[in-house]
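Topology and contacts: notes
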Amino acid sequence: MKEKMENDEKTRVQLIEELNACESKCRLLSENISDVIWTTDLEGTITFITPSCDKVYGYSPEEMLGMSLEETVPPKSVALVKEKIADAMADYKGAVLITIDSMHKNGNMVPVEIIADFLWDETGIPIGITGVSRDISRRKLLEKQLIEAQKMESVGRLAGGVAHDFNNLLTVILSCAEAMEASMREDDPIMEDIRDIRKAGKRGASLTRQLLAFSRRQMIQPQIMDLNELIADLERMIFRLIGEDIEMRFTPTRDLWRVEADPGQIEQIIVNLAINARDAMPNGGKLIIETANVELDEEYVHYRNKVTPGEYVMIAITDTGSGMDAETMENVFEPFFTTKGAGKGTGLGLSVAYGIVKQHKGNIWVYSELQKGTAFKIYLPKCTKKTGQEYRSRVPVEAARLQGGETILVVDDDDTILRAVVRMLKQYGYKTLQATSGAQAKVVADEHPGPIHLLLTDVVMPGMSGRETAGSVLVGRPEMNLLFMSGYTGNAIAHHGVLDPEVNFISKPFSNEDLARKVRMVLDESRENR
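All values derive from a computational prediction rather than experimental measurement. (Residues numbered from 1 in each chain as written. Predicted model: local features only at pLDDT ≥ 70, side-chain atom pairs only at ≥ 80, totals over all residues. Heavy atoms only, no water.)

A word on the packing of aromatic side chains. Considering all chains together, one arrives at 3 aromatic pairs under this definition. Between the aromatic rings of F118 and W120, the centroid separation amounts to 5.7 Å while the plane-to-plane angle is 70°, which identifies the pairing as edge-to-face. On the basis of relative accessible area, F118 is assigned to the buried category, the value being 10%. Residue classification places W120 among the partly exposed residues on the basis of a relative accessible area of 39%. A ring pair is formed by W365 and Y367, whose centres lie 6.2 Å apart and whose planes are at 10°; its orientation type is stacked. A cation sits over an aromatic face here: K382 above W257, 4.5 Å from the ring centre. (Phe/Tyr/Trp six-rings, centres within 6.5 Å; stacked < 30°, edge-to-face > 60°. Buried < 20%, exposed > 50% of the residue type's maximum accessible area, 1.4 Å probe, protein only. Lys NZ or Arg CZ within 6 Å of the ring centre and 35° of its normal.)

Take a look at the structure:
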């Protein structure tokens, strides 16, 4: 008997220990799980809930016990929840999945996914409801980013698909318009019409560049630079753009790290943001441009999606204008979104800035308050390269200095482009040879008795590409300089080997002066290096 009692006591102690261990595991699980586990009676009154409710709903477990589930659901969703529960009770088919916006204690909406099922007694009668609520805010954010990426990809494919043909057309239109304008008297009755054609052509070229920049398919020609130097070069132009009633201040950081970026595109971002700031300050105000060396650590990255930790150079552009509300900030980088009136903007400015920054593997962030102002911060990765193409300040070149007398071999498979480019070059005094294919260019070069100072060739052509044409022609003329041109996007011509920093390249469409400036630069640099 005594032995039996001792065994029973041991069994009881063992069961208590096992029960305590099981209870401890359940408590550990309920206190640390991120999802909210809960139960209610059939009327929806909460009878049990895990501590994670504080993170999802903002209430402590003590506050939520006795609450109705309806109190966590916005009024517009109550009917949906009741309908789901009623359908489940009438025709039970297992657990119910509901995705709704739940109400946080602070009044904010939290997207929540709920899986709920009935609690049954031993006779098979439902006595309550049990469920799991999961905060899906991050999933919703990722879904939104996926939609944005797909939208960007669609626009990019469209832009990339039409860019080549559209740029070729614009090159001819702009060239012909410039030639006609140059040959007319100032009082000619159609002079204004010709200038309107040029203006429309330039707007078309700008729109194409904006679409490509937004979709991150624009050709970039990176240079290693000090952003303080680039912004200093822009100061005078920005001052003219914003007007005298806006006070502008540039605060550069000493010993600023260098970045590798396309100077033209970074200028485009800064000027665009300066113009937006001006429009937000119709009665005057302050525009402040700052630079700084910053390190984005793991903590910062945790709160910013798609940001890589590391060392960056920051450009901050701040104004004291009208500011933006939360809804506007949410959509500010959306393509074609604008708060300006009809005819005052394409709605691509900030989405273009976003695309350029992302193409440079950087980040852009905005903070704004109504009637207080707006701050944009751009982060570009610190350049760790020891060597590379260096940025040089742009010094205005007099038209007379763009003239030349050298011989240039022009190659393009499009006759209209070929004629337009030849006409541009002759306008600046150059002698020209022309060919419509790589094979013909080789023959022309071999038969020409004098020197050929520059080969200006399209990149993508049937038969021999521009790169192959250059290789063929250079065999007999190793001293000849090279300049590539194309209306294709960067992705389309990358495999043709002309995206290296040391390769001279000009994007179509270009104006007469743009081409003359580029040609003169290539020829002069070649002379200096000899």
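Moving on from the model shown.
What follows deals with the nonpolar core. Core analysis: the biggest nonpolar cluster contains 39 residues, and L227, I238, I266, I270, L287, I289 and I315 have the highest contact counts within it. Filtering out sequence-adjacent residues up to four positions away, I289 remains in contact with I231, I238, M248, R249, F250, T251, I270, I315, A316 and I317. (Core = buried A, V, L, I, M, F, W, Y, C linked by side-chain atoms within 4.5 Å. Contact = heavy atoms within 4.5 Å.)

It is worth spelling out the packing of helix α7 (residues 227–242) against helix α8 (residues 263–279) at this point. The interhelical angle for the contact between α7 and α8, taken along N-to-C directions, is 40°, at an axis separation of 10 Å. Our pair here, α7 against α8, has a crossing hand that is right-handed. Of the residues in α8, those touching α7 at L227, L230, I231, L234, M237, I238, L241 and I242 are P263, I266, E267, I270, V271, A274, I275 and R278. In terms of residue class, the contact of α7 with α8 is made up of 14 nonpolar, no polar and 2 charged. (Axes fitted to C-alpha atoms, helices over the stretch in contact; angles between N-to-C directions. Helix = DSSP H or I, 4+ residues; strand = E, 2+ residues; numbered from the N terminus. Left-handed = near helix turned anticlockwise from the far one by under 90°. Nonpolar A, V, L, I, M, F, W, Y, C, P; charged D, E, K, R; others polar.)

Every second residue of strand β3 (residues 96–103) is oriented toward a common face, the buried set being V96, I98, I100 and S102 and the non-buried set L97, T99, D101 and M103. Sheet analysis places β3 next to strand β4 (residues 109–120), joined by 8 bridges and oriented antiparallel. Looking across to β4, one finds that L97 is bridged to I115. Where β3 folds back onto β4 in an antiparallel hairpin, the turn is made up of 5 residues, including G107, whose phi is positive at roughly 95°. (Pairing = 2+ DSSP bridges.)

With that settled, the discussion passes to the pattern of salt bridges. The full count for this structure, using the stated rule, is 16 salt bridges. Among the salt bridges present, the one from R139 reaches E113, with a minimum N-O distance of 3.0 Å. Taken together, the positions of R139 in helix α5 (residues 137–183) and E113 in strand β4 put the pair 26 residues apart, joining distant regions of the chain. Between R195 and E181 there is a salt bridge whose closest N-O contact spans 3.1 Å. Pair noted here: R195 is in helix α6 (residues 191–214) and E181 is in helix α5, with a separation of 14 residues, a long-range link. Its relative accessible area of 18% is what places E181 among the buried residues. Because the salt bridges share partners, they merge into one network encompassing E181, E186, R195 and R198. (Salt bridge = Lys/Arg side-chain N within 4 Å of Asp/Glu carboxyl O.)

Once that is clear, we can look at the pairing of strand β16 (residues 481–486). Counting buried residues along β16, 5 of its 6 residues qualify, which places the element largely inside the surrounding structure. The sheet contact formed by strand β15 (residues 454–458) and β16 spans 5 bridges and is parallel. Bridge pairing in β16 links T457 to F484. Between the parallel elements β15 and β16, the chain passes through helix α14 (residues 466–474) in a crossover that is right-handed. Where β16 lies against strand β17 (residues 505–507), 3 bridges are found, and the strand directions are parallel. Counted as the bridge partner of F484 is F505 from β17. (Right-handed = clockwise from strand over helix to strand, strands pointing away.)

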